[in-house]
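Coordinate inspection notes
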Amino acid sequence: MTNARQFARKREAEYSLFQQLNPEVMADPYPLYRKLREFEPVHWDPFMHSWVVTSYAECVAVLSKYKAARTPAPEYLEAMGLSVLAPYAAMMLKQIMFQDPPVHAGMRAMCAIAFTPKRIESLRQSAEAMAKGLIDRIVDRGGRMDVVADFAVPFPSLFLTAMMGLPASDSSQLKQWAADVAELIGNFEHDPDRIQKLVTSLEQLRVYLTEKVIEQRARPCDGVLSALLAAEIEGVRLSEEEIVANAVLICSGALEEPANLISCGMFSLLQRPEALAQLREHPEIAQTAVEELLRFESPTQHTGRLAPEDVVLGGKQIRKGDLVTAVVAAANRDPLRFHEPDRLDLTRADNRHLAFGWASHYCLGAPLARMTGQAAFTALLRRLPSLALITKEPQWRGMAALRGIVSLEVEFDRKLAETVQTERTYVQ
Ligand code: HEM
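Just so we're clear, the structure is a prediction, and the values are computed from it rather than from any experiment. (Residues numbered from 1 in each chain as written. Predicted model: local features only at pLDDT ≥ 70, side-chain atom pairs only at ≥ 80, totals over all residues.)

Right, let's get into the overall build of the protein chain. The helix and strand inventory of the protein chain stands at 19 helices and 11 strands. Relative to a compact globule of 428 residues, whose C-alpha radius of gyration would be 22 Å, the protein chain shows 22 Å and is just as compact. Referenced to the eigenvectors of the C-alpha coordinate spread, the extents of the protein chain come out at roughly 75 × 55 × 40 Å. Residues classed as buried in the protein chain amount to 42% of the 428 residues present. When contacts within the protein chain are restricted to residue pairs at least 6 apart in sequence, long-range pairs at least 24 apart make up 72% of them. (Helix = DSSP H or I, 4+ residues; strand = E, 2+ residues; numbered from the N terminus. Rg over C-alpha atoms; globule rule 2.2 N^0.38 Å. Buried ≥ 20, exposed ≤ 12 C-beta atoms within 10 Å, placed from the backbone. Contact = placed C-beta atoms within 7 Å.)

Rendered as structure tokens:
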């Protein structure tokens, strides 16, 4: 290789999103995103075989107009040596996230029937009670906790079972399956030793949900699964396969990202004592605070689309069918859109971030995620007034598209936590 080609290759590697797999970049991907945005906000990444988009306006254009139907064909998987993923690809064909108009609108409208504002409001009290119950157990055990294992992961999994109408005793198993499914979809590269295990978990989750669909068809209950079974628009209903495929999507969305919002959000707050105190003293700002934590450390870092036709984006000629990666976490730090984007401002007013996506595929669970996020941060800060970090440099989850922490040890004053509990019981 000539020097010039070597130099070009090195530069391509330096500006590749693959850098995310480097532990230093994984710990703080924002300098890489900034470098990319300042170099070329729409950039061809030969390692990703994709255009990588890091500016807000262009990400919005991609999410609004490009095709979501990006399920890999069986021949493509075979050529890549990834035939093991064929069952996952078959399921994607039935999930709303990978549909385009007109199929998407009909399927989404039916799924949305299960997420009415009334259902979300009726789940608020359960969410608050679950958060409180988990914290009671933490306080009983002593003055130390792992935010991830003791709260951020079990809270959404308990909530998911209540929301779906599934037995609470299944929450640990669901959590494990969902973590494997997240690893399957959240990575660029797959460890060949793990991939079979991940696909097996997906299959087990599919079989489990199919059984529950059959059960709830016979005995409907007041949960999302039964609501999906009953959903009907102009005589059309979702097929059993569609219900199961979308229930898999809902389970992974409702477990993985909310857990990451809580753990990354708590880490951001604990690193900034002023912000932590502000939210503790003013729980009424929980709404804007959760939006800001979503913008600041977006649980979904990027998502893919296909160019619908030959098109120019950010001055680059993109060909029909090219893969385009919208890095929403980079767009959420774009200074052309957000004032002082690298500053955590819990009362930020102008905050139309892309953490839940944009346009027709905007997160179906966003109102639920907001509600549970507010319940989680409020309960943690109110009950544990003297929280402090033990883990200073956490290990990150190692998934490029989903940002999460493996473990986050914190300590708190147990006596103070017990006093808060007593006071609350007295007031109630
Ligand atoms: C903090 C929590 C969450 C975050 C950050 C998040 C993020 C996202 C993002 C970015 C998208 C759009 C993906 C794309 O355009 O390619 C999405 C879609 C979706 N999310 Fe979420 N999500 C969260 C929670 C949830 C919850 C709790 C549920 C279910 C109860 C859920 C279910 C879905 C579904 C079904 C879609 C597909 C919508 C469609 O394609 O029309 N998500 N989510």
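Now that the structure has been shown, the text picks up again.
Looking now at the site of the ligand. Near the ligand you find 23 residues, and of these Gly253, Glu257, Gly357, Cys363 and Gly365 are the closest. No other element matches the 7 residues that helix H14 (residues 240-270) contributes to the shell around the ligand. Split into classes, the residues belonging to the shell around the ligand amount to 15 nonpolar, 6 polar and 2 charged. (Near = placed C-beta within 6 Å. Nonpolar A, V, L, I, M, F, W, Y, C, P; charged D, E, K, R; others polar.)

Time to look at the pairing of strand S6 (residues 303-306). Burial of the side chains of S6 is restricted to one face: Thr303 and Arg305 are buried, whereas none of Gly304 and Leu306 on the reverse face is. Sheet analysis places S6 next to strand S9 (residues 323-326), joined by 4 bridges and oriented antiparallel. In the strand pairing of S9, Arg305 is matched with Val324. (Pairing = 2+ DSSP bridges.)

Here we take up the environment of Arg119. Position of Arg119 among the secondary structure elements: in helix H8 (residues 117-141). Its 17 C-beta neighbours within 10 Å are what place Arg119 among the partly exposed residues. With 249 residues separating them along the chain, Arg119 and Leu368 place their C-alpha atoms 9.5 Å apart.

This part covers the nonpolar core. Counting residues in each nonpolar core, the largest one holds 121 residues, and the members touching the most others are Phe155, Val248 and Cys251. Looking at this core, the element that brings in the most residues is H14, giving 17 residues. If we ignore the near neighbours within four places in the chain, the residues touching Val248 are Met91, Val181, Leu205, Arg206 and Leu209. (Core = buried A, V, L, I, M, F, W, Y, C linked by C-beta atoms within 7 Å.)

By themselves, these are just geometric observations and shouldn't be taken as functional.
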